[in-house]
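Below are the chains, spelled out letter by letter.
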Amino acid sequence: MPAITVDDITTLDRIPRPEPEHVQRPVQTVTTAPSGFEGEGFPVRRAFAGVDLALLDPFIHMDQMGEVEYAPGEPKGTPWHPHRGFETVTYIMDGTFEHQDSNGGGGTNTNGDTQWMTAGAGILHIEKPPEALVASGGLFHGIQLWVNLPKAEKWAAPRYQDLRAGEVGLLASDDGGSLVRVIAGSLASHTGPGDTYTPMTMVHATVSPGGQLDLPWDPGYNALAYVLAGEGTVGVEGRPVRTGQLAVFGAGDTLRLRAATAQESRSPELEVLVLGGRPIREPVAWYGPFVMNTKQELVQAYEDFQAGKLGSVPAVHNTPEEIVESSPTTD
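Residues numbered from 1 in each chain as written. Predicted model: local features only at pLDDT ≥ 70, side-chain atom pairs only at ≥ 80, totals over all residues. Heavy atoms only, no water.

**What to know about the pattern of salt bridges**
A full pass over the atoms with the stated rule returns ten salt bridges. With a shortest N-O distance of 3.2 Å, Glu297 and Lys151 are connected by a salt bridge. Separated by 146 residues along the polypeptide, Glu297 in helix α3 (residues 295-306) and Lys151 in the loop between β11 (138-148) and β12 (159-163) bring together distant segments of the chain. You can call Glu297 buried: its relative accessible area is 16%. Among the residues examined, Lys151 registers a relative accessible area of 43% and is labelled partly exposed. With a shortest N-O distance of 2.8 Å, Arg256 and Asp214 are connected by a salt bridge. On the criterion of sequence distance, the pair formed by Arg256 in strand β23 (residues 254-259) and Asp214 in strand β18 (residues 212-216) is long-range, its members being 42 residues apart. Note on Arg256: relative accessible area 22%, which makes it partly exposed. One salt-bridge network, held together by shared partners, links Asp113, Asp162 and Arg164. (Salt bridge = Lys/Arg side-chain N within 4 Å of Asp/Glu carboxyl O. Helix = DSSP H or I, 4+ residues; strand = E, 2+ residues; numbered from the N terminus. Buried < 20%, exposed > 50% of the residue type's maximum accessible area, 1.4 Å probe, protein only.)

Shown next, in the form of structure tokens:
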């Protein structure tokens, strides 16, 4: 899991150790993500399955894509599909994924890159592995997160942010044993490159075996920790967690992660995605690719999609824009 790493973690700014007056967030729940398939058949873990939306707010949905080692011909993606009313965040740790949308956004993401797409009023997009990866096979691992938009922003114009791995904020724990990547929001006065409508923070932490990481966390945000790989504990209670489990924290301004001393060879360190945002606290009406506030708005979104109002699939470059006919020639 390379994502973005550094040769010498001790050169990074340190996250200060929490002062005694800081309040550690207790662990409310630990859930295990069930496995499934998405798009054209790539394996995922449904990270938020079984968790009350009120505890997740402002987040809606998250899939851990892989970790999977594809054989040649096996890599898969998604077909063209619509979205309205939220933002999709695709963070690639291993492998390569290509994005294209009906608003002209697009790019290739690999090893720590993030694509941040605001669906807003409506958009069509496609995500797929490049042809070279399909032909060769290879390792693929990433996450896709859905961030809700408040009612006032659900009709925002669609946009696309291409966030390169080298742009993320990098920090070390106070003891220098953990690497923290700030993808969006701020942590210990360091900010990530992601520009969000909904105030939030998203970080990817790598904790060395036996190491402990205390993260300062906005008390107005919720706090979620999803284990991408490895084993350890969360909270001052030391609740055990492992790959594919989500911890939901209660109130406070600091949260704790600790890596187990012994890790399996495939996951030599504890890898955790930590999320938090300011709850929107509005009604949620969610059906398939649309996240709105009312059932009527969902019906309208589907009708608008059917009518082509959410965009159209771009034409393949340099293809004819009118009918071209050709007759066979004879010698």
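**As for the pairing of strand β8 (residues 106-110)**
On β8, burial follows the alternation: Gly107 and Asn109 on one face are buried, whereas Gly106, Thr108 and Thr110 on the facing-out side are not. In this sheet, β8 lies alongside strand β7 (residues 96-101) in antiparallel orientation, the contact comprising five bridges. Across the sheet, the residue bridging to Glu98 is Thr108, located in β8. (Pairing = 2+ DSSP bridges.)

**Comments concerning the confidence of the model for the protein**
Chain-level statistics for the protein give a pLDDT mean of 90 and a share of 93% at 70 or above. A low-confidence stretch, residues 316-320 (pLDDT under 50), is modelled with zero contacts involving residues beyond four sequence positions or located in other chains. (pLDDT = per-residue confidence, 0-100. Contact = heavy atoms within 4.5 Å.)

**Things to note about the sheet that holds strand β17 (residues 200-207)**
What the seven strands build is an open sheet, ordered β1-β22-β19-β24-β17-β14-β13; its pairing is antiparallel. With partners counted over all chains shown, the strands left at the sheet margins are β1 (27-32) and β13 (169-172), one partner each. Averaged over all adjacent pairs, the angle separating strand axes in this sheet is 20 degrees, with direction ignored. Where strand β19 (residues 224-229) meets strand β24 (residues 270-277), five bridges bridge the pair, whose relative direction is antiparallel. If you follow Val227 over to β24, its bridge partner there is Val272. (Axes fitted to C-alpha atoms, helices over the stretch in contact; angles between N-to-C directions.)

**Brief notes about the packing of aromatic side chains**
Scanning the entire structure with this criterion turns up four aromatic pairs. Note on Phe97 and Phe140: the rings are 5.0 Å apart at their centroids and 45 degrees apart in plane angle, and the pair reads as tilted. One end of the pair, Phe97, is in strand β7; the other, Phe140, is in strand β11, with 43 residues separating them in the sequence. Note on accessibility: Phe97 and Phe140 belong to one class, buried. Here the aromatic residues Tyr70, Phe97 and Phe140 are joined through ring pairs into a cluster of three or more. (Phe/Tyr/Trp six-rings, centres within 6.5 Å; stacked < 30°, edge-to-face > 60°.)

**Here's the deal with the side chain of Gln161**
As for its position among the elements, Gln161 is in strand β12. At 2.8 Å, the side chain of Gln161 forms a polar contact with the backbone oxygen of Asp195. With sequence-adjacent residues up to four places away left out, Gln161 is seen in contact with Thr114, Gln115, Trp116, Pro193, Gly194 and Asp195. (Polar contact = N/O pair within 3.5 Å; in protein donor to acceptor, adjacent residues only side chain to side chain.)

**Brief notes about the nonpolar core**
With 30 residues, the main nonpolar core has Phe48, Met62, Ile143, Leu145, Met202 and Leu275 as its most contacted residues. Secondary structure elements with two or more residues in this core: β4 (59-70), β6 (86-94), β11, β14 (178-184), β17, β19, β22 (245-249) and β24. Discounting residues that sit within four places of it in the chain, Leu145 has contacts with Phe48, Phe59, His61, Met62, Glu87, Thr88, Val89, Met200, Met202 and Leu275. Listed in part, the 26 residues of the second largest apolar core include Val27, Val180, Ala247 and Ala259. (Core = buried A, V, L, I, M, F, W, Y, C linked by side-chain atoms within 4.5 Å.)

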